[in-house]
Amino acid sequence: MVYVAAFADLHLGAAYSPGHQWVKDELQARNPEVVVFGGDLFDRHTATADHEKEGAELMRWITQTLQTPVVMIWGNHDVAKGFEFHTRFPHIDGVYRPAGFGVEELTVPGIPLVFHAANVKKKRDERLLIDDFPTATEPGHVGVFHTGLDGSYTNNNCLPATEEGLREKNYATWILGHVHKPTVLSREPYIGWPGVGVMESLELAPRP
C-alpha cells in the first residue's frame, strides 16, 4: 500500500487559514510517502508577497526536510494572483504539478501511483474537463481536481463536473479542492474535499 496525505484550500493570508505550522504538525504526525494538495495555496484577497514566500518555504520543508514528494495543482485563488505562469512561484525539486491547463499525467519517482491533475486556468473557470481525464483499467490512479462539481456545494463553482463522472474514471481516489467545508462523497473509494483545516490519510493499492 502507498500512504498518502491529502489536503487543500490552505488559503495562506486569510484569517481562516490554519497556516503553515498546521500543515507541518499534521505531516510530522502522519509521515506519508507522498503529499497531495488540491489547490488554493493562497488567498487571492489577502495574500501578500510574504505569504508567497511562506508557501514556497512550506513546499521546500515538505520536500527537503521531510524528504516527501508533493503533487499539487493551482486553484482559482492561486491563478487570480498569477501563480499559473510559474514566474513568481519558484521551481522546487520534489514538487510535481501540471505545466499547463489541460489534464496531465504526473508520475513521481519511487511512488507506484499515477496522478491525473489539472490546474484552474482563470478565476471563473467554467471548462468541462472531466471527459479529458482518462479512465483507469488498473489500481493506483489518483485524480486531483479543483472543482465544485454541480455547484451545489459552493456559491462560486469552478470546473463543473458530476460525481457520476468522477466515479466513471475508476480511480483509487479523487482529491478535490475548492469546497471549504470538509465533505466526503465516498469512502470506498475516497472521493471528497478535505476542506479547510482537515488532512486526509489514505492507503492506496499501488500500480501493478
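Scroll up to find the structure this text is about.
As a starting point, this report considers the structure included with it. Bear in mind that the values here come from a model prediction, so they are computed numbers and not experimental data. (Residues numbered from 1 in each chain as written. Predicted model: local features only at pLDDT ≥ 70, side-chain atom pairs only at ≥ 80, totals over all residues. Heavy atoms only, no water.)

## Some details on the packing of aromatic side chains
To keep things clear, this is the line we draw: Pairing of aromatic rings covers Phe, Tyr and Trp, the last through its six-membered ring, and needs centres within 6.5 Å; plane angles under 30 degrees mean stacked, over 60 mean edge-to-face, and all others mean tilted. Elements are defined by DSSP. Helices are runs of H or I of four residues or more, strands are runs of E of two residues or more, and each kind is numbered from the N terminus. Buried, partly exposed and exposed residues are distinguished by accessible area as a fraction of the type maximum, computed with a 1.4 Å probe on protein chains only: under 20%, between the cut-offs, and over 50%, respectively.
Overall, the coordinates contain nine aromatic pairs when judged by the stated rule. On the numbers, 5.1 Å between centres and 85° between planes, the contact of Trp74 with Phe89 is edge-to-face. Of the two residues, Trp74 sits in the loop between strand 3 (70-72) and helix 3 (76-80) while Phe89 sits in the loop between helix 3 and strand 4 (95-96), which places them 15 residues apart along the sequence. Using a relative accessible area of 0% as the deciding quantity, one classes Trp74 as buried.

## Observations concerning the environment of Thr154
Put simply, the rule reads: Contacts were defined at the residue level, with two residues in contact if any of their heavy atoms lie within 4.5 Å.
Here Thr154 lies in the loop between strand 7 (141-146) and helix 4 (163-167). Accessibility expressed as a relative area gives 18% for Thr154, which makes it buried. Thr154 sits 26 residues away from His180 along the chain, and the two C-alpha atoms are 8.4 Å apart. Contacts of Thr154, omitting those with residues within four sequence positions, involve Gly148, His178 and Val179.

## What to know about the pairing of strand 11 (residues 200-204)
The following threshold applies: Any two strands between which DSSP finds at least two bridges are classified as paired.
Where burial is concerned, the two faces of strand 11 differ: the one with Glu200, Leu202 and Leu204 is buried and the one with Ser201 and Glu203 is not. For strand 1 (residues 2-7) and strand 11, the ladder comprises five bridges, and the chain directions are antiparallel. Considered in strand 11, the bridge of Ala5 is made with Ser201.

## Examining the layout of surface pockets
Just so we agree on the cut-off: Lining residues are defined by having an atom within 4 Å of a point belonging to a cavity or pocket. Those points lie on a 1 Å grid over the protein atoms alone, cavities being sets where a 1.4 Å probe fits but cannot get out and pockets being open sets with protein on both sides within 12 Å along at least five of seven lines. Grid points are joined across faces, edges and corners, and a volume is the space filled by probe spheres set on the points. Gly counts as polar in this scheme, as do all residues outside two lists: the nonpolar Ala, Val, Leu, Ile, Met, Phe, Trp, Tyr, Cys and Pro, and the charged Asp, Glu, Lys and Arg.
Of the voids in this model, the largest pocket is the one considered here, and its volume is about 160 Å³. Looking at the largest pocket, the residues that line it are Ala172, Thr173, Arg187, Glu188, Pro189, Tyr190, Leu202, Glu203, Leu204 and Ala205. The element that contributes the greatest number of residues to the lining of the largest pocket is strand 11, accounting for three residues. Across the lining of the largest pocket, the residue classes tally to six nonpolar, one polar and three charged.

## Let's talk about unusual backbone geometry
Put simply, Glu188 and Pro189 share a cis peptide bond, and its omega is 0°. With respect to the secondary-structure elements, Pro189 resides in the loop between strand 9 (183-187) and strand 10 (190-193). In this structure, Asp40 is a non-glycine residue whose phi angle is positive, near 65°. In this fold, Asp40 is placed in the loop between strand 2 (34-37) and helix 2 (49-65). Positive phi is not limited to glycine here, since Asn170 has a value of about 65°. By secondary structure assignment, the location of Asn170 is in the loop between helix 4 and strand 8 (173-177).

## Re the sheet that holds strand 4
Threshold: Each axis is a line fitted through C-alpha atoms, taken for helices only over the stretch in contact, and angles between the N-to-C directions span 0 to 180 degrees.
One open sheet accounts for five strands, arranged 4-3-2-1-11; its pairing is mixed. The open sheet has two free edges, formed respectively by strand 4 and strand 11, since each of these has just one partner strand. Relative to strand 2, strand 1 runs parallel, the two being bridged by four bridges. Among the inter-strand pairings, Val4 is bridged to a residue of strand 2, identified as Val34. Contacts between helix 1 (residues 19-30) and the sheet are confined to strand 1, strand 2 and strand 11, with strand 1 contributing the most and set at about 165° to the helix. Running over the sheet, helix 2 touches strand 2, strand 3 and strand 4 and is turned about 145° from strand 3.

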